[in-house]
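Structural overview
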Amino acid sequence: MKLRLGIPKGSLQDSTVQLFQRAGYVIRIDPRSYFPSIDDPEIECMLIRAQEMARYVADGVIDAGLTGQDWIAEHELGHPEQRPLVRICDLIYAKQSLGKVRWVLAAPEDSPFKAAADLNGKRIATELVRVTKHYFASQGLGVDVEFSWGATEVKPPVLADAIVEATETGSTLRANRLRIIETIMESNTQLIAHQNAVADSWKKTKIDNLALLLKAAIEAQGRVGLMLNARRTDLDRLIALLPALQRPTVSSLSDPDWVAINTILEEKTARDLIPRLKLAGGQGIVEYPLNKIVV
């Protein structure tokens, strides 16, 4: 038996492969094939566009897959008759960062549009058509929403009055002289599964274990471990300097006057913290990388 797993092709592809690597899986992608290899004989991967992932999971073509909440919502709004997808877990990562993506309503900087209500009766270009229609309809507004095949930012004001587009930083919108009016929705990647896959005990265990490792890899991103030795008389002063997920671990050494301290902290804080620990009496200070943190 194998778990059929969808890997998002496109903007999320590289960051997804890197996430799997940190979780302990090696995925190799042949540019001529849509079937990547993975060093787990119990998993069979397939590259699928994030926009179509929910559809193929819902149809049972694959057991599970990774895609954004945005495309899950887009699929479910168009297929209310289908059984709901099973959300296994949130995986907070995107193309450029470990954050969420925003779908925003944006218009030219010099346009008169200041709120969604100002666009009543206007034309909106977007890839996220159903979600956009639902957003405006929920406010009692009638707009002409047309599907955009890409390069959506260049369409206003000639080809559309405004757009709904995904952004992480807003830099592309600003580069095209667009102003964000409102946020339509926030989205992050999710691991989703078909109900039949979750009903199968072997597949459910496989999916749950995969989710555990992927979440652990995200939790470890940007963090490092730090260990050091100290005299017991310096312990309180050193612990006061140390951040940690819970509290630092303190262990006795063979010499009763000394202890070992182990903690986890944000990597960006280590360079300022280590000299302070040294001044406070820390010795044998070691910083080490982390692959996974299971919380």
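Scroll up for the structure.
Residues numbered from 1 in each chain as written. Predicted model: local features only at pLDDT ≥ 70, side-chain atom pairs only at ≥ 80, totals over all residues. Heavy atoms only, no water.

1. Remarks on the layout of surface pockets
The condition that has to hold: Here a cavity denotes a set of grid points, spaced 1 Å apart and computed over the protein atoms alone, in which a 1.4 Å probe fits but from which it cannot get out, and a pocket denotes an open set meeting protein on both sides within 12 Å along at least five of seven lines; residues with an atom within 4 Å of a point are reported as lining. Grid points are joined across faces, edges and corners, and a volume is the space filled by probe spheres set on the points. Working definition: helices are DSSP H or I runs of at least four residues, strands are E runs of at least two. Numbering for both runs from the N terminus. Only Asp, Glu, Lys and Arg are considered charged in this grouping, and only Ala, Val, Leu, Ile, Met, Phe, Trp, Tyr, Cys and Pro are considered nonpolar; every other residue, Gly among them, is considered polar.
Space inside the second largest pocket adds up to approximately 320 Å³. What lines the second largest pocket is a set of 14 residues, among which Gln51, Glu52, Trp71, Glu74 and Phe147 lie closest to the centre. Mapped by element, the contributors of at least two residues to the lining of the second largest pocket are α2 (50-58) and α3 (69-78). The biggest single contributor to the lining of the second largest pocket is α2, with four residues. By residue class, the composition of the lining of the second largest pocket is four nonpolar, four polar and six charged.

2. Quick look at the packing of aromatic side chains
Applicable threshold: To pair, rings of Phe, Tyr and Trp, with the six-membered ring standing in for Trp, must have centres within 6.5 Å; the planes then decide the type, stacked if under 30 degrees apart, edge-to-face if over 60, and tilted in the middle. Here the term buried applies to any residue with accessible area under 20% of the maximum for its type, exposed to any over 50%, and partly exposed to those in between, with areas from a 1.4 Å probe on protein chains only.
Inspection of the entire model under this criterion finds four aromatic pairs. Their ring planes at 90 degrees and their centres at 5.7 Å tell us that Trp71 and Trp103 sit as a pair that is edge-to-face. Of the two residues, Trp71 sits in helix α3 while Trp103 sits in strand β7 (residues 101-108), which places them 32 residues apart along the sequence. Judged by relative accessible area, which is 11%, Trp71 ranks as buried.

3. What to know about the sheet that holds strand β14 (residues 249-252)
Worth spelling out the cut-off: For two strands to be treated as a pair, DSSP must find no fewer than two bridges joining them. Geometry is summarised by axes, namely lines fitted to C-alpha atoms with helices restricted to the contacting stretch, and by angles between N-to-C directions that run from 0 to 180 degrees.
Pairing within the open sheet is antiparallel, and its four strands lie in the order β14-β15-β13-β16. Of all the strands in the sheet, the pair left with one neighbour each is β14 and β16 (283-289). Mean inter-strand twist for the sheet, computed between neighbouring axes without regard to direction, equals 20 degrees. Here strand β13 (residues 223-231) runs beside β16; their pairing, made up of five bridges, is antiparallel. Residue pairing across strands places Val224 opposite Pro289, the latter belonging to β16.

4. A look at the packing of α3 against helix α4 (residues 129-138)
Stated precisely, the cut-off is as follows: For classification purposes, angles smaller than 35 degrees are called roughly parallel, those larger than 145 roughly antiparallel, those between 65 and 115 roughly perpendicular, and all remaining angles oblique. The criterion used for residue contact is that any of the two residues' heavy atoms lie within 4.5 Å.
Two numbers describe how α3 lies on α4: the axes approach to 8 Å, and their chain directions differ by 75 degrees. On the basis of their axis angle, the class for α3 and α4 is roughly perpendicular. Between α3 and α4, the contacting residues are Asp70, Ala73, Glu74, His75, Leu77 and Gly78 on the first element and Val129, Arg130, Val131 and His134 on the second. Grouping the amino acids of the contact of α3 with α4 by side-chain chemistry returns four nonpolar, three polar and three charged.

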